[in-house]
Amino acid sequence: MKIPAWYYRHFDADFALDVPGEGYGGWQRQPLEFALEHTALVVMHAWDAGTREEFPGWHRCVEYIPRANAICRGVLPELLGAVRASGMALFHVAGGGSYYEEYPGHRRALALAEPELAPPPHVTADPAYQELVQFRADNVFVGKHNAADVRRGFERLAFPPEAEPQGDEGIAATGNQLYALCRERGINHLIYTGFAINWCLLLSPGGMHDMQRYGFLCSAIREAVTAVENKETARHELCKDLALWRVALAFGFVFDLPDILNALRGSM
């Protein structure tokens, strides 16, 4: 299938300019050929985080939850419906609890995956180290007054109804499990949706950095992701813009939702 794809031309710096990097070619869009049978959509860390009334502390420190909920309601039903109708592979990456463990798709991933490697050794924690870790938890993220709500939220974590796996759609909790699901279907290109593009989708197990180790191209759909923002970036979602640039530069491509939908419907 041919899909217009955004890529970033990160050359050439122009040293005749006051800021040489402003000479880069920047964002470019080009229709490219993608093999439907070797491509999968990944829905990663789509969580039912409850309401602000239920878990006010969680919502206070994770301000993107309303944006994620809007994507779940307004984007994922149409996108997942088109993926399922096209026959393209659809995988889910879960984490943060045990809510996914009884789904048939996760049991299938466990059966396909090789045994997990032992975790790497961990540094020895001395009292000063422990105090620094606690200081960060209290003063950086999530904040002492929010911790209980965040813990309660994760204890009842679930898939949102709009992104709940159907049938035996593969559900991975690790990169090893996602690789096993991909190997079974001959997948080499993963298109990510989910939350958040500059956090879990990049760095958590089954995220882009993890899967790049196996050689996968890892792309994203602009309208189907949001980012962790900070005080200085939240108004204009600048962290999302920066994260999409990083995806295009280091991992794969960025797609617009209408282009993906048109390509999927044209492949049916």
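Bear in mind that the values here come from a model prediction, so they are computed numbers and not experimental data.

Peer 1: I'd like a description of helix H7 (residues 175-185), backed by residues and values.
Peer 2: For the α-helix, the turn length of 3.6 residues means that residues three or four positions removed from each other point alike. Within H7, burial applies to Gly 175, Asn 176, Gln 177, Leu 178, Ala 180, Leu 181 and Cys 182. Packed against the buried residues of H7 are strand E4 (89-93), helix H4 (104-112), strand E5 (171-172), strand E6 (189-195) and helix H9 (208-212).

Peer 1: Quick one: what's the story with the nonpolar core, residue by residue and with numbers?
Peer 2: Of all hydrophobic cores here, the largest spans 49 residues; its most connected members are Leu 41, Trp 58, Leu 79, Ile 221 and Phe 255. Looking at this core, the elements with two or more residues in it are strand E1 (2-9), strand E3 (39-44), helix H1 (56-61), helix H2 (65-74), helix H3 (76-86), E6, strand E7 (217-226) and helix H11 (257-266). Among the nonpolar cores identified, the runner-up in size contains 32 residues, and Val 42, Leu 201, Met 208 and Ala 220 belong to it.

Peer 1: Would you mind going over the packing of H3 against H11 in detail, with residue names and values included?
Peer 2: Two elements in contact, H3 and H11, have axes separated by 9 Å at closest approach and are oriented at 25 degrees. On the basis of the axis angle, H3 is roughly parallel to H11. Both H3 and H11 take part in a crossing whose hand is left-handed. Only Leu 257, Ile 260, Leu 261, Leu 264 and Arg 265 of H11 make contact with H3, whose side of the interface consists of Glu 78, Leu 79, Ala 82, Val 83 and Ser 86. A breakdown of the residues in the contact of H3 with H11 according to their chemical character gives seven nonpolar, one polar and two charged.

Peer 1: How would you sum up the packing of aromatic side chains? Please name residues and give values.
Peer 2: As enumerated under the stated definition, the model contains 14 aromatic pairs in all. Look at Tyr 8 and Trp 27: their rings are 5.4 Å apart centre to centre, the planes differ by 90 degrees, and that puts the pair in the edge-to-face class. Remark: Trp 27 occurs in strand E2 (residues 26-33) and Tyr 8 occurs in strand E1; sequence separation between them is 19 residues. For the pair Tyr 179 and Tyr 214, a centre-to-centre distance of 4.6 Å together with 10 degrees between the ring planes defines the contact as stacked. With Tyr 179 in helix H7 and Tyr 214 in the loop between H9 and E7, this pair connects stretches of sequence that are 35 residues apart. Under the relative-accessibility criterion, Tyr 214 is labelled partly exposed at 32%. Clustering of aromatic rings is evident, with ring pairs tying together Trp 6, Tyr 8, Trp 27 and Trp 245.

Criteria and cut-off values
- Residues numbered from 1 in each chain as written.
- Predicted model: local features only at pLDDT ≥ 70, side-chain atom pairs only at ≥ 80, totals over all residues.
- Heavy atoms only, no water.
- Buried < 20%, exposed > 50% of the residue type's maximum accessible area, 1.4 Å probe, protein only.
- Helix = DSSP H or I, 4+ residues; strand = E, 2+ residues; numbered from the N terminus.
- Contact = heavy atoms within 4.5 Å.
- Core = buried A, V, L, I, M, F, W, Y, C linked by side-chain atoms within 4.5 Å.
- Axes fitted to C-alpha atoms, helices over the stretch in contact; angles between N-to-C directions.
- Parallel < 35°, antiparallel > 145°, perpendicular 65-115°, else oblique.
- Left-handed = near helix turned anticlockwise from the far one by under 90°.
- Nonpolar A, V, L, I, M, F, W, Y, C, P; charged D, E, K, R; others polar.
- Phe/Tyr/Trp six-rings, centres within 6.5 Å; stacked < 30°, edge-to-face > 60°.

Just geometry here; none of it tells us what the structure is for.
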